[in-house]
Amino acid sequence: MSNFKRVINVIPLTSVSLSSTQIFTYLVPLPMQDLLAPGMLVRIPFGSRQIHGLVSSVEMHRLPSEVRGLKPLEALASSTPVLSEQNLALANWMARYYCVSLGLTIKAMLPKFVKRPKDPGLVGYENFNPDFILTDYQRQAVSHIANLLGTGATILLNGITGSGKTEVYMQIIERLLAAKAQVIILVPEFSLTAQAVERFARRFGIENIALLGSNLKDSERLWMWQEIREERRPIIIGPRSAVFAPVRNLGLIIMDEEHDPSFKQYDQQPKYHAREVARKLSEIWSCPLLLGDATPSVTTYFSAGNSVLRLPHRIMADVGLPKVRIIDMRREMAARNFSIFSEALKSEIVMKLKSGKQIILFLNRRGAATFVMCRDCGFVSVCRNCEVPLVHHLSAKNLLCHHCGKKYPLPTVCPSCASKRIKYFGIGTEAVETELNKFLGSELGDKPLPVVARMDRDSTSAPGAHREFYENWVEGKIQIMIGTQMIGKGWDVSRVGLVGIVSADTILHLPDFRSNERTFQTLTQVAGRAGRGADPGMVILQTYNPDNYAIQAVRFHDYETFYLREINERRKFRYPPFTRLVKLTFADTKMEKALRQADTAAQRLKHAGESGLEIAGPVPAFILKLRGRYRFHIILRANSSAHVDFYSLLQDLSAGVDIDVDPETLL
Ligand code: ADP
Ligand code: ZN
Ligand code: ZN
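Residues numbered from 1 in each chain as written. Chains lettered and ligands numbered in written order. Predicted model: local features only at pLDDT ≥ 70, side-chain atom pairs only at ≥ 80, totals over all residues. Heavy atoms only, no water.

Caption draft 1: The arrangement of the packing of aromatic side chains in detail. Per the counting criterion, the structure on display carries 15 aromatic pairs. Aromatic side chains Trp93 and Tyr97 sit 4.9 Å apart centroid to centroid with 20° between the ring planes, which places their arrangement in the stacked category. Taken as a pair, Trp93 and Tyr97 lie in helix 2 (residues 85-98) at a separation of four residues, close to a single helical turn. Ring geometry for Phe513 versus Tyr575: centroids 4.8 Å apart, planes at 10°, classification stacked. Here Phe513 is found in the loop between strand 22 (496-501) and helix 14 (515-527), whereas its partner Tyr575 is found in the loop between helix 16 (559-572) and strand 24 (579-588), with 62 residues between them in sequence. Judged by its relative accessible area of 10%, Phe513 falls in the buried class. Three or more aromatic residues link up through ring pairs in this structure, and these residues are Tyr301, Phe520, Tyr549, Tyr559, Phe562 and Tyr563. One residue, Arg637, lies across the ring of Tyr575, its end atom 4.9 Å from the ring centre. (Phe/Tyr/Trp six-rings, centres within 6.5 Å; stacked < 30°, edge-to-face > 60°. Helix = DSSP H or I, 4+ residues; strand = E, 2+ residues; numbered from the N terminus. Buried < 20%, exposed > 50% of the residue type's maximum accessible area, 1.4 Å probe, protein only. Lys NZ or Arg CZ within 6 Å of the ring centre and 35° of its normal.)

Caption draft 2: Expanded view of the packing of helix 14 against helix 16. Contact geometry of helix 14 with helix 16 gives a least axis separation of 11 Å together with a crossing angle of 170°. Taken as axis vectors, helix 14 and helix 16 run roughly antiparallel relative to one another. Counting all contacts with helix 14, which are made through Asn516, Glu517 and Phe520, the residues of helix 16 involved are Tyr559, Phe562, Glu566 and Arg570. A class-by-class count of the residues in the contact of helix 14 with helix 16 yields three nonpolar, one polar and three charged. (Axes fitted to C-alpha atoms, helices over the stretch in contact; angles between N-to-C directions. Parallel < 35°, antiparallel > 145°, perpendicular 65-115°, else oblique. Contact = heavy atoms within 4.5 Å. Nonpolar A, V, L, I, M, F, W, Y, C, P; charged D, E, K, R; others polar.)

Caption draft 3: Representation of the coordination of the zinc ion (ligand 2) within the structure. At this site the zinc ion (ligand 2) is bound by Cys374 (SG), Cys377 (SG), Cys414 (SG) and Cys417 (SG), with donor distances of 2.3 to 2.4 Å. Donor residues for the zinc ion (ligand 2) sit on one chain with the sequence pattern C-x2-C-x36-C-x2-C. With Cys374 in strand 15 (residues 371-374) and Cys414 in the loop between strand 18 (407-409) and strand 19 (422-425), the pair connects residues that are 40 residues apart, well separated along the chain. The exposure class of Cys374 is buried, given its relative accessible area of 2%. (Donors = N, O, S within 2.8 Å, 3.2 Å for Na, K, Ca; no water.)

Caption draft 4: Broad picture of the nonpolar core. Counting 109 residues, the largest nonpolar core has Ile106, Leu186, Leu584, Leu636, Phe646 and Leu650 as the members making the most contacts within it. Take this core: its biggest share by element is six residues, from helix 2. With sequence-adjacent residues up to four places away left out, Phe646 is seen in contact with Cys99, Arg580, Val582, Leu613, Leu636 and Ala638. Counting residues in hydrophobic clusters, the runner-up holds 31 residues, among them Met170, Leu176, Val197 and Leu290. (Core = buried A, V, L, I, M, F, W, Y, C linked by side-chain atoms within 4.5 Å.)

Caption draft 5: A look at the environment of Arg203. Along the chain, Arg203 turns up in helix 6 (residues 194-204). A relative accessible area of 9% places Arg203 in the buried class. Considered as a pair, Arg203 and Glu174 are 29 residues apart in the sequence and their alpha carbons are 9.4 Å apart. Beyond its immediate stretch of four places on either side in the chain, Arg203 contacts Asn127, Phe128, Asn129, Pro130, Glu167, Met170, Gln171 and Glu174.

Caption draft 6: Inspection of the domain arrangement of the protein at higher detail. Parsing the protein into structural domains produces domain 1 (4-83 + 98-109), domain 2 (136-311), domain 3 (323-366 + 429-571), domain 4 (369-426) and domain 5 (579-661). For domain 4 and domain 5, the distance between their C-alpha centres works out to 33 Å. The interface is formed by seven residues belonging to domain 4 together with seven residues belonging to domain 5. In total, domain 4 and domain 5 occlude about 560 Å² of area from one another, counting both sides; carbon and sulfur atoms represent 51% of this. When the buried area of domain 4 at its contact with domain 5 is split by residue, Asn385, Glu387 and His403 rank highest and sum to 63% of it. Counting across the interface, domain 4 meets domain 5 through three residue pairs in polar contact (both at pLDDT 80 or more). Split by residue class, the side of domain 4 that touches domain 5 holds three nonpolar, two polar and two charged. (Domains from an automatic or database assignment. Buried area = accessible area lost by both parts, 1.4 Å probe. Polar contact = N/O pair within 3.5 Å; in protein donor to acceptor, adjacent residues only side chain to side chain.)

Caption draft 7: Here's a closer look at the site of ligand 1. Taken together, 15 residues lie around ligand 1, and Ile133, Gln138, Gly162, Thr166 and Arg199 are the ones closest in. Between ligand 1 and Thr166 there is a distance of 2.5 Å, counted from an oxygen atom to a side-chain nitrogen or oxygen. Contact with the protein chains removes 78% of the 560 Å² of surface that ligand 1 exposes when unbound. Looking at which element gives the most residues to the shell around ligand 1, the answer is helix 5 (residues 165-178), with three residues. Of the residues contributing to the shell around ligand 1, the split by class is five nonpolar, seven polar and three charged. (Near = heavy atom within 4 Å. Areas by Shrake-Rupley, 256 points an atom, 1.4 Å probe, with all protein chains shown as cover.)

Caption draft 8: Spotlight on unusual backbone geometry. For the bond running from Gln269 to Pro270, omega is -5°, close enough to zero to count as cis. Among the structural elements, Pro270 can be located in the loop between strand 10 (250-256) and helix 8 (274-285). Here Gly617 and Pro618 are connected by a cis peptide whose omega angle stands at 10°. At Glu231, a position not held by glycine, the phi torsion is positive, near 60°. Along the chain, the position of Glu231 falls in the loop between helix 7 (218-229) and strand 9 (235-238). You will see that His557, though not glycine, has its phi angle at about 50°, which is positive. Relative to the helices and strands, His557 resides in the loop between helix 15 (549-555) and helix 16.

Caption draft 9: Structural detail: the sheet that holds strand 26 (residues 629-639). Taken in spatial order, the four strands make up an open sheet running 25-26-24-27, and their pairing is antiparallel. Of all the strands in the sheet, the pair left with one neighbour each is strand 25 (613-626) and strand 27 (658-661). Within this sheet the neighbouring strands show an average axis-to-axis angle of 20°, counted without direction. Relative to strand 26, strand 25 runs antiparallel, the two sharing eight bridges. For Pro620, the partnering residue across the bridge sits in strand 26 and is Phe632. Across the sheet, helix 17 (residues 591-608) lies against strand 24, strand 25 and strand 26, angled at about 15° from strand 26, the strand it touches most. (Pairing = 2+ DSSP bridges.)

Encoded structure:
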């Protein structure tokens, strides 16, 4: 018996070079021998450190030579498995697909195992069961989805806001609950407000809902995680990371507003997209993935082909879609109107105020001025870390870098030529607020002024601020709301008589293959805020590019026309879905060093000569210097049909490279 040794294979929960093995073998000390099982957490010596690892398998070895030189495992860190077989399979797939080390992927899937899990105490709502009957479209959608339960199908449900998608989800969820299955509902980060959860809670009871919002404390998240694992709360609602919930009997994954950018983790590894991970998870569990959206991503719509389920009308058929007027701001200039508001927008604001309607003014940019320039020498204030223009913030009375958050004092003289003629260019939400107050003051004279609120990242940073805005708005205490895309999401607001899009062009000119798509989606969503009560409302869209097809499509709420044009562009310029992209980033505090690394990598990749693969770069990143580091990109582009194995291709690159598979943007 002494010839047998028990060993375990462990995945260290840390970053490990892709070219090395991702699983390491350890000796099991005698007292721990019967306690170990795959999926458990252990402490292991790793290099000079002691870290957590996940047990992948336990084995017996006969020959002393096989175990010679192995280090013993340090301790057990969990008494039961923390990762299911299914989620381990998911992690394996993710690591390969996104070219990330396996241990790092698993780490991203697990909660922090703090000492004392704590019930976050979700508040309940009065139960509500609707008494309406489904529309024909809804009935067809429900029966189509119900037929696909038990298969790993991906289903796209395309319908504008108010067309009854959520009701379809709930009908299917009812069936799943009856069958004791679990459902994961992924929602955009912003929608995770109480209002969004409320509807599910009213229908199914809060005790059936597990909420995994990003505002939970570690102890609360662990508590929810345990509830899910014990199958006590079958309806799991959360942002992208909820796709890793420890489910045991998954029956359906729903992803609402599938196109939303928050579904992609772009700022740290693993840089996954929840849609792709959910697709894999649905395959693993043989359960459908249901994508719901008014403006699906072009890639999703393309792959859905003819099988798209449609809810083509708003439920309240008598409420038409808001009328969208496009205002050519070049003409306003020519007519010597230099205000940020067109004459049309000004007169609509006055009219809607008179009739007691609420107004939204949208601009996708915070701050007062987007850059600060000396009139005499042209000097522009930039961030020392990032070399991007600084944004003027009135309320904080400073200049702020929107990339690294560094603050600078307002310049009184030009740092370059000492001139005092410093001018602020470009507009943000703060500037809209200032201009609006000026306009209202002169327009309304001594009449009482309407209550104006500004909602953006700066004004909602305090805890509870979000909710307060919402309540004041719903109660009609705020007449005009100025805001960034934050106001376009999550709220089911009615009575909006007017949505003014102050500038439709903020995303349009970014040199990126998705800028038309993002423009269309963002503006359509904001425009959809108008007229959800009894009257269709009005949208005024101000732009310097009235002929752009994305903007024209917003005018007629016309996804199909937008899509047909966009998919042609993608085909012509060889972008997804026709190709797959990988973005490599090389960064260093020294520009030459970053560039040299990128160059070496590019040479190597070109030398590998994979067929069907294009290698572009190195090119400087759109923001060359970020947080003190210079950045260069290499873009890999492969025909979708070529099935290039990026993992094998990239595993030997230097440790410093950052890999982003299926990047949402090339900036
Ligand atoms: P979406 O999720 O597409 O925005 P919802 O499912 O929220 O649409 O439906 C919009 C509104 O219409 C909700 O208030 C919902 O309760 C109601 N509703 C949904 N289906 C019906 C129906 N068949 N008959 C009447 N009202 C409905
Ligand atoms: Zn100057
Ligand atoms: Zn900066």
